[in-house]
Protein chains: 2
Amino acid sequence: MASDAMSPKITVELLRQLRQAMKNSKYITEPIQAYIVPSGDAHQSEYIAPCDCRREFICGFNGSAGTAIVTEQHAALWTDGRYFLQASQQMDTNWTLMKMGLKETPSQEDWLISVLPENSRVGVDPWIIAADQWKNMWKALSGAGHSLVAVQDNLIDAIWEDRPPRPSTKLIALGLKYTGLTWQDKVTALRGKMAERRISWFVVTALDEIAWLFNLRGSDIQYNPVFFAYAIIGISSIKLFVDSKRLLEPAVREHLELDSPSKPDLTVHCFPYESVYTELQAVCAALAPKEKIWICDKASCALTQVIPKAHRSAIPYTPLCLAKAVKNPTEIQGMKMAHIKDAVALCELFAWLEKEIPKGTVTEISVADKAEELRSQQKDFVGLSFPTISSVGPNGAIIHYRPLPETNRTLSLNEVYLIDSGAQYLDGTTDVTRTMHFGTPSDYEKECFTYVLKGHIAVSAAVFPSGTKGHLLDSFARASLWDAGLDYLHGTGHGVGCFLNVHEGPCGISYKTFADEPLEAGMIVSDEPGYYEDGSFGIRLENVVLVIPAKTKYNYRNRGSLTFEPLTLVPIQLKMINTELLTQKERDWVNDYHRKCRETIGAELERQGRKVALDWLIRETEPIV
Amino acid sequence: MASDAMSPKITVELLRQLRQAMKNSKYITEPIQAYIVPSGDAHQSEYIAPCDCRREFICGFNGSAGTAIVTEQHAALWTDGRYFLQASQQMDTNWTLMKMGLKETPSQEDWLISVLPENSRVGVDPWIIAADQWKNMWKALSGAGHSLVAVQDNLIDAIWEDRPPRPSTKLIALGLKYTGLTWQDKVTALRGKMAERRISWFVVTALDEIAWLFNLRGSDIQYNPVFFAYAIIGISSIKLFVDSKRLLEPAVREHLELDSPSKPDLTVHCFPYESVYTELQAVCAALAPKEKIWICDKASCALTQVIPKAHRSAIPYTPLCLAKAVKNPTEIQGMKMAHIKDAVALCELFAWLEKEIPKGTVTEISVADKAEELRSQQKDFVGLSFPTISSVGPNGAIIHYRPLPETNRTLSLNEVYLIDSGAQYLDGTTDVTRTMHFGTPSDYEKECFTYVLKGHIAVSAAVFPSGTKGHLLDSFARASLWDAGLDYLHGTGHGVGCFLNVHEGPCGISYKTFADEPLEAGMIVSDEPGYYEDGSFGIRLENVVLVIPAKTKYNYRNRGSLTFEPLTLVPIQLKMINTELLTQKERDWVNDYHRKCRETIGAELERQGRKVALDWLIRETEPIV
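None of these values were measured; they are calculated from a predicted model.

Caption draft 1: The arrangement of the pattern of salt bridges in detail. Summed over the entire model, instances satisfying the criterion amount to 80 salt bridges over all chains. Two residues, Asp-157 of chain A and Arg-163 of chain A, come together in a salt bridge whose shortest N-O distance is 3.4 Å. Between Arg-409 of chain B and Glu-415 of chain B there is a salt bridge whose closest N-O contact spans 2.8 Å. Overall, Arg-409 of chain B belongs to the partly exposed group, its relative accessible area being 30%. A single network of salt bridges, built from pairs that share partners, joins Asp-52, Arg-54, Asp-157, Arg-163 and Arg-166 of chain A.

Below you can see the structure in the form of structure tokens.
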């Protein structure tokens with residue numbers, strides 16, 4: 001394990017092989033002078049399967065974000081501030097670390113232009129570069145006299161001897177009880193949107209959109225219940241591209257009505273996963289002059305370019321992304337149930353921690369394991385929704401920390417403990433962060449925690465007009481920290497899927513984007529401000545919240561207002577709060593929240609006969625004054 | 001006057017002439033099927049000179065924003081919600097009003113595509129369309145098989161018989177006392193920025209940038225102390241394009257050192273205004289292969305396209321725009337002085353109103369006139385900085401209202417009065433809005449006013465990290481209104497020039513843009529939330545505020561923090577405040593602000609012997625509890 005994380009991967013031989021491949025006529029007609037290795041897969045997934053970890057394979061760095069570029073003379077990796085230390089430890093001296101966000105760091109384009117000989121050819125696998133990224137790179141390079149070349153055979157795969165096969169896990173068909181809508185209803189609604197905009201076809205490439213549309217789940221990618229597939233939805237036809245042996249399962253065949261379709265236009269035509277390219281070519285060849293095809297501008301360059309420009313309508317968010325974001329009543333009910341079960345597990349965990357920590361044997365890893373064990377006892381548990389961030393003291397200041405044997409700290413009565421964790425249940429996805437102290441927190445720790453709490457409440461209790469974009473709420477989360485000269489360098493919230501990806505678009509709460517879609521009742525996002533003191537401690541307070549209509553005294557232009565309802569119902573540790581810093585409104589919010597935790601989670605703990613956790617919950621939800 | 005504003009302009013004959021011109025080989029080699037008339041001038045100015053009011057000439061609509069398009073069959077005008085009523089009143093039935101912002105309204109591009117025959121040619125004057133707008137229009141039209149054509153002779157000018165001449169007013173040279181930096185210092189600093197980015201030339205097209213750079217002012221455009229000119233600044237040469245007779249003035253000749261330049265690279269080479277095109281061609285022809293020219297992406301298409309793409313570096317904000325936005329100590333001192341004088345005039349005005357309103361003879365127009373008269377008594381007064389918005393009752397709900405004889409209402413003891421006004425002084429520019437009631441405001445009016453005040457304070461007192469963009473503060477201004485279900489449909493603040501345009505980039509406080517530049521100490525913006533109840537009243541509370549460093553308890557990552565200092569020092573009417581809705585912090589803010597008004601403006605009123613206004617000020621700045 002240690003070598004994986006902390007000692008550099010030796011890449012001399014791999015780089016030699018890659019540079020040979022860059023000149024090998026087996027793969028390319030003319031040699032290329034640089035090869036770009038992005039970190040994504042062909043679906044631009046955030047989490048990827050082992051067979052798609054090509055950037056990690058070539059350079060050793062295994063963080064979630066980064067792009068490697070290899071030229072005849074150089075090898076460089078671009079990544080952001082979260083990963084500077086990790087990348088420098090995982091890469092050998094053949095690699096130059098390009099620290100994104102620092103002024104002196106050149107962009108990939110600028111760097112390429114500075115190191116390449118004139119009229120160079122830069123290669124990239126068009127399947128794993130998004131169309132919009134291709135466009136930017138193409139512009140910059142061609143402006144400087146170089147060319148960007150789509151290399152159909154992936155050159156990393158060509159030199160990767162023991163590359164794992166693409167996963168093809170069992171599919172689960174979700175019934176109406178979980179989804180609220182049949183896949184036929186969803187296809188029909190989608191076609192309504194297509195008809196409105198006079199669109200003939202829609203190419204679905206995002207894995208969570210395909211899973212949501214067909215009410216199917218898989219486990220091809222860890223933490224994300226998705227499966228490798230493409231879909232092309234026409235006004236009267238449905239093409240699904242997926243490994244055919246996954247469709248042998250009777251439950252899946254029945255779910256998709258493969259053997260007895262009810263209607264011709266709701267018949268699912270299945271094709272092998274790999275044939276999406278040629279089928280899309282066939283669809284395009286048969287288009288009438290004015291017909292249009294929707295494709296997300298973040299879809300792969302390969303598929304995007306199959307569609308002739310005149311027929312292509314590239315959209316930043318697909319109608320499925322938008323439909324999926326607004327949860328229906330069944331999904332909302334499911335998310336609530338999932339959060340109740342999740343809270344039960346966490347109350348158990350925290351009650352257990354109180355007893356165990358003084359013994360000195362509880363570590364970051366053992367808490368993560370215990371949390372998983374307790375969650376797995378809950379009904380319809382499927383797995384974790386992301387790797388648990390379990391961090392003590394200074395480790396808490398590493399925002400994307402994941403405990404490893406060589407960093408593993410023991411929980412004590414002297415340090416702040418931060419746990420950010422979540423699970424997938426058949427009825428919903430959870431994501432919750434609590435920051436606690438099991439001894440006596442310092443005044444400074446309490447002060448910082450209270451600023452974070454004030455920010456959390458400011459967002460959670462915010463009332464705002466319908467049509468407001470989430471990014472307009474981001475500063476509310478920061479105002480109290482800013483007043484004290486503090487801040488945190490991440491966004492405040494992300495969309496959360498329903499038994500789907502824990503991060504999903506198109507809404508969120510962040511200062512970083514302007515392109516999010518407006519919040520709507522039924523959307524579900526996280527509210528997670530934090531504060532991180534390098535080398536000392538980290539604080540984050542995260543609830544998943546549901547967008548709901550707000551009752552207001554007036555109703556300007558009949559627009560209506562929205563606010564949030566917390567779905568996460570886990571006590572916020574009172575010991576960490578400096579109540580003097582709270583306004584009366586904020587105190588009321590904390591007490592209301594804790595009353596709701598006590599009522600809802602208390603009833604479930606009672607039902608499950610979890611006496612110790614119930615006692616803990618009662619004690620932790622005492623009103624503050 | 002009435003006909004100007006309220007009865008439609010008869011355009012049958014004009015449209016006939018324009019359509020003939022569209023086919024006339026005197027102007028174009030091949031007929032065009034549509035002609036676009038944007039509202040700007042060749043410098044993309046917000047306010048324009050009468051000779052540039054081409055869109056108003058052709059359709060009759062004289063609002064500040066709108067684009068007219070004439071085809072062989074149709075004539076249509078696009079404008080936004082502020083102007084729907086006005087445009088519909090000013091245009092005859094030959095024109096279709098296209099209400100921007102409504103879902104059913106097509107974009108100009110979509111509309112053109114829907115009405116034009118195949119392979120049409122759409123013409124536009126390349127001088128008055130910005131390069132970025134040209135690009136978008138060109139893309140859309142060529143995607144649909146049409147072409148966008150630059151028509152060098154303006155077709156409106158061709159049919160406009162009594163078109164006024166381009167103004168060429170006297171230039172004023174501003175000394176160091178007002179500018180803090182000589183124009184030579186500014187050119188040298190600009191060249192430093194150019195050298196940093198290896199830029200050989202910078203084409204300056206924005207009138208306020210030219211005025212600022214050369215420390216010159218004119219009065220070619222009402223309210224904006226600018227003059228028609230271009231400049232092309234090289235690493236060792238300066239080309240100024242301006243009507244040559246303006247340079248005969250000895251003071252100007254001396255200021256620019258035209259007759260005895262101190263250094264060759266600081267010698268101003270003067271050219272006629274019109275010769276900028278050919279001179280820029282000459283500059284481009286002499287470029288070495290890798291040389292680059294800066295031009296703003298909002299500059300005219302005509303000038304932008306002179307520069308070959310390989311040599312062109314289009315930037316969203318020019319270094320002059322950025323340098324001008326951060327005021328130097330002399331400018332800050334001047335702005336403070338201007339605001340003190342402006343406050344004196346307003347205190348006089350409000351004291352006078354208290355006495356005069358009960359007589360029933362004070363109207364929106366007479367207050368505006370009185371305000372101008374009082375301002376003109378102040379030292380170094382030059383003129384107004386924009387048309388005074390003086391509005392009673394329901395007129396106050398029209399955000400860009402300007403009183404006209406036929407709308408003019410009398411001020412009374414029964415209605416809310418809103419005045420948004422400002423002036424140009426040699427030492428600075430002001431812009432202030434106060435909303436007052438001279439009788440007894442209703443509880444509802446007070447409630448709404450207090451929400452607006454809370455929003456104003458939330459921005460004014462905000463503390464935020466250095467590097468924060470203004471748009472991140474916009475929601476602070478709205479939170480109290482949102483809580484009550486209310487809102488206002490304009491931004492919260494704009495940059496303010498120093499004896500320059502009252503609206504300037506690149507900073508501001510608005511939910512609408514993401515492309516503003518970060519706030520920096522020395523920048524000056526307005527803080528002006530509002531609330532508008534259609535048919536009843538309007539409320540706005542506007543101060544001009546200076547960005548200053550803030551002292552905070554901590555200093556995260558040594559970034560430093562910023563906050564605002566109000567430059568406007570005019571009492572906020574206590575009668576309009578429901579103090580029960582204020583927090584203690586907000587009450588303290590109001591009292592501190594009023595103490596500062598009393599001290600600073602009181603001293604100046606005293607000095608100027610304005611006893612009545614002083615008494616009024618003292619009374620209006622009593623502390624609240």
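Picking up where we left off.
Caption draft 2: Structural context of the relation of the copies chain A and chain B. You can overlay chain A on chain B at an RMSD of 0.0 Å; the transform is a turn of 180° with a shift of 0.1 Å along its axis. Considering both components of the superposition, the chain copies are consistent with a two-fold axis. No C-alpha of chain A lies nearer the rotation axis than that of Phe-514 of chain A, which sits 3.1 Å from it. In this assembly, 100% of the residues forming the interface of chain A have copies in chain B that are likewise at the interface, indicating an isologous arrangement.

Caption draft 3: Looking closely at the UniProt feature "domain: Peptidase M24" (unreviewed entry) in chain A. Taking the numbering used here, the UniProt-annotated feature "domain: Peptidase M24" (unreviewed entry) corresponds to residues 334-547 of chain A. Spanning residues 334-547 of chain A, this segment combines 30% helix with 25% strand, and its end C-alpha atoms are found 15 Å apart.

Caption draft 4: Expanded view of the interface of chain A and chain B. At the junction of the two partners, chain A supplies 34 residues and chain B supplies 34 residues. Taking both sides of the interface into account, the surface hidden between chain A and chain B amounts to around 3100 Å²; carbon and sulfur atoms contribute 59%. Ranking the residues of chain A by area buried against chain B places Trp-482, Tyr-554 and Tyr-556 of chain A at the top, with a combined share of 23%. Where chain A touches chain B, the interface holds six salt bridges. Between Arg-559 of chain B and Asp-487 of chain A there is a salt bridge; the shortest N-O distance is 2.7 Å. Our count for the contact surface shared by chain A and chain B stands at 14 residue pairs in polar contact (both at pLDDT 80 or more). Every element with two or more residues in the side of chain A that touches chain B is listed here: α17 (443-460), β21 (464-465), α18 (474-483) and β25 (530-533) of chain A. Examining the composition of the side of chain A that touches chain B, we find that five residues originate from one element, α18 of chain A, more than from any other. Among the residues forming the side of chain A that touches chain B, the class breakdown is 18 nonpolar, seven polar and nine charged.

Caption draft 5: Geometry of the nonpolar core. Among the nonpolar cores identified, the biggest contains 150 residues, and Leu-353 and Phe-564 of chain A together with Leu-353 and Phe-564 of chain B are the most heavily contacted of them. Residue contacts for Leu-353 of chain A: discarding those within four places in its chain leaves Pro-358, Val-362, Val-367, Leu-411, Tyr-417 and Phe-438 of chain A. Listed in part, the 63 residues of the second largest apolar core include Ile-233, Phe-241, Leu-247 and Phe-386 of chain A.

Caption draft 6: Local environment of the sheet that holds strand β17 (residues 416-421) of chain A. All names here are of chain A. Taken in spatial order, the three strands make up an open sheet running β16-β17-β20, and their pairing is antiparallel. Looking at strand neighbours, the two that pair on one side only are β16 (389-392) and β20 (432-437), the edges of this open sheet. Strand-to-strand, the axes of this sheet are offset by a mean angle of 10°, without reference to chain direction. Relative to β20, β17 is paired through six bridges, and the arrangement is antiparallel. Within the sheet, the bridge partner assigned to Tyr-417 lies in β20 and is Met-436.

Thresholds applied
Residues numbered from 1 in each chain as written. Chains lettered and ligands numbered in written order. Predicted model: local features only at pLDDT ≥ 70, side-chain atom pairs only at ≥ 80, totals over all residues. Heavy atoms only, no water. Salt bridge = Lys/Arg side-chain N within 4 Å of Asp/Glu carboxyl O. Buried < 20%, exposed > 50% of the residue type's maximum accessible area, 1.4 Å probe, protein only. Least-squares fit on C-alpha atoms with pLDDT ≥ 70 in both. Contact = heavy atoms within 4.5 Å. UniProt positions renumbered as here; feature names shortened; annotations may be inferred. Helix = DSSP H or I, 4+ residues; strand = E, 2+ residues; numbered from the N terminus. Buried area = accessible area lost by both parts, 1.4 Å probe. Polar contact = N/O pair within 3.5 Å; in protein donor to acceptor, adjacent residues only side chain to side chain. Nonpolar A, V, L, I, M, F, W, Y, C, P; charged D, E, K, R; others polar. Core = buried A, V, L, I, M, F, W, Y, C linked by side-chain atoms within 4.5 Å. Pairing = 2+ DSSP bridges. Axes fitted to C-alpha atoms, helices over the stretch in contact; angles between N-to-C directions.

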